[in-house]
Amino acid sequence: MPHAFPVRVYYEDTDAAGIVYYANYLRFIERARTEWVRALGVDQGRLRTEEGIVFAVRRVEADYLRPARLDDELVVATELVAATGARIVLDQAVIRGGERLFQAQVTLVCLTEHGTAARLPAEVRRRIAPNLH
């Protein structure tokens, strides 16, 4: 079942045409990923300070399907597609009233503070992908 994160479109999110500026969809899905991880009980701050590990976006494949506008109430749905030792793949969609406006597949990698690849700790893997471990 996808994680749902509500978003309201504010004036600052729109462009001169009154629609959501394309780059802001990436901000919306970033916030939703953070809340998804938090809801699974993973503290990213603790992961960074205690394990020296962070998540970084490696790839985003995005499709802009329909515009969102000022004051729209949106939901960002986040769903796990795959998880390996150091990689997480998610499907994310921005939805308004059941209509899909934006969709993306996002690949995250686990990195050390020096930017080298790292394996996710086993407990984090179990929380993120309990059915795979």
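Everything that follows concerns the structure shown earlier in this document.
Everything numeric here is computed off the predicted structure, so don't read it as measured data. Position numbers for residues start from 1 in each chain and track the written sequence from start to end. Given that the model is predicted, a residue must reach a pLDDT of at least 70 before its local features are reported, and side-chain atom pairs must reach 80 or more before they are shown or counted; all residues, however, enter totals for whole chains, interfaces and linings. Water and hydrogen atoms were dropped before computing side-chain values, which therefore reflect all heavy atoms in the structure.

A few points about the sheet that holds strand β4 (residues 87–96)
Paired strands, in this sense, are two strands between which DSSP finds at least two bridges. A run of H or I in DSSP counts as a helix once it spans at least four residues, and a run of E counts as a strand once it spans at least two, with each numbered from the N terminus. If you trace the five strands from one edge of the open sheet to the other, you get β1-β3-β4-β5-β2, paired in antiparallel fashion. Edge positions in the open sheet fall to β1 (3–8) and β2 (53–64), since each of these has one partner strand only. With strand direction ignored, the average angle separating the axes of adjacent strands in the sheet is 25 degrees. Sheet topology note: the β2/strand β5 (residues 99–112) ladder contains eleven bridges and is antiparallel. Paired with Val 54 across the strands is Leu 111, a residue of β5. Running at roughly 135 degrees to β1, helix α1 (residues 22–39) makes contact with β1, β2, β3 (73–83), β4 and β5 of the sheet. Interaxial angle, 0 to 180 degrees, is taken between N-to-C directions of lines fitted to C-alpha atoms, where a helix line uses only the stretch in contact. For this analysis, residues touch if any pair of their heavy atoms sits within 4.5 Å.

Looking at helix α2 (residues 44–51)
N or O atoms within 3.5 Å of each other form a polar contact, as long as, within protein, one can give a hydrogen and the other can take it, and as long as residues adjacent in sequence are counted only when both atoms are side-chain atoms. A distance of 3.0 Å separates the backbone nitrogen of Gly 45 from a side-chain oxygen at the start of α2, and that oxygen is part of Asp 43. Positive backbone phi, at 70 degrees, marks Gly 52, one or two positions downstream of α2.

Regarding the pairing of β3
Examined bridge by bridge, β1 and β3 share six bridges and lie antiparallel to one another. The residue of β3 that forms the bridge with Pro 6 is Val 75. In this structure, β3 lies alongside β4, joined through eight bridges in antiparallel fashion. In the strand pairing of β4, Val 76 is matched with Val 94. Taking the residues between adjacent antiparallel strands as the criterion, β3 and β4 are bridged by three residues.

Quick look at the pairing of β4
With ten bridges joining them, β4 and β5 adopt antiparallel strand pairing. Across the sheet, Gln 92 pairs through a bridge with Ala 104, a residue of β5. Linkage of β4 to β5, two consecutive antiparallel strands, is achieved through a turn of two residues, within which Gly 97 is found at a positive phi near 55 degrees.

Here's the deal with the side chain of Asp 13
Among the structural elements, Asp 13 can be located in the loop between β1 and α1. Exposure classes here rest on a 1.4 Å probe applied to the protein chains alone. A residue is buried below 20% of its type maximum, exposed above 50%, and partly exposed in between. Counting rule applied: Lys, Arg positive; Asp, Glu negative; His and chain ends not counted. Between Lys or Arg on one side and Asp or Glu on the other, a salt bridge is scored when a side-chain nitrogen of the former is within 4 Å of a carboxyl oxygen of the latter. Despite its burial, Asp 13 pairs with no opposite charge, the nearest such side chain being Arg 27 at 4.2 Å. At a separation of 2.8 Å, a polar atom in the side chain of Asp 13 contacts the main-chain amide nitrogen of Tyr 10. Discounting residues that sit within four places of it in the chain, Asp 13 has contacts with Arg 8, Ile 19, Val 20, Tyr 21, Asn 24, Arg 27 and Phe 28.

Section: the packing of aromatic side chains
For this analysis, a ring pair means two rings from Phe, Tyr or Trp (six-membered ring only for Trp) whose centres lie within 6.5 Å, classed as stacked if their planes differ by under 30 degrees, edge-to-face if by over 60, and tilted for the remaining angles. Here the structure, examined in full by the defined rule, presents six aromatic pairs. Consider the rings of Tyr 25 and Phe 102, whose centres lie 5.0 Å apart with planes at 15 degrees: the pair is stacked. On the criterion of sequence distance, the pair formed by Tyr 25 in helix α1 and Phe 102 in strand β5 is long-range, its members being 77 residues apart. Taking the relative accessible area as the measure of exposure, Tyr 25 reaches 3% and is therefore buried. Ring-pair connections join several aromatic residues into one group, and the members of that group are Tyr 21, Tyr 22, Tyr 25, Phe 28, Tyr 64 and Phe 102.

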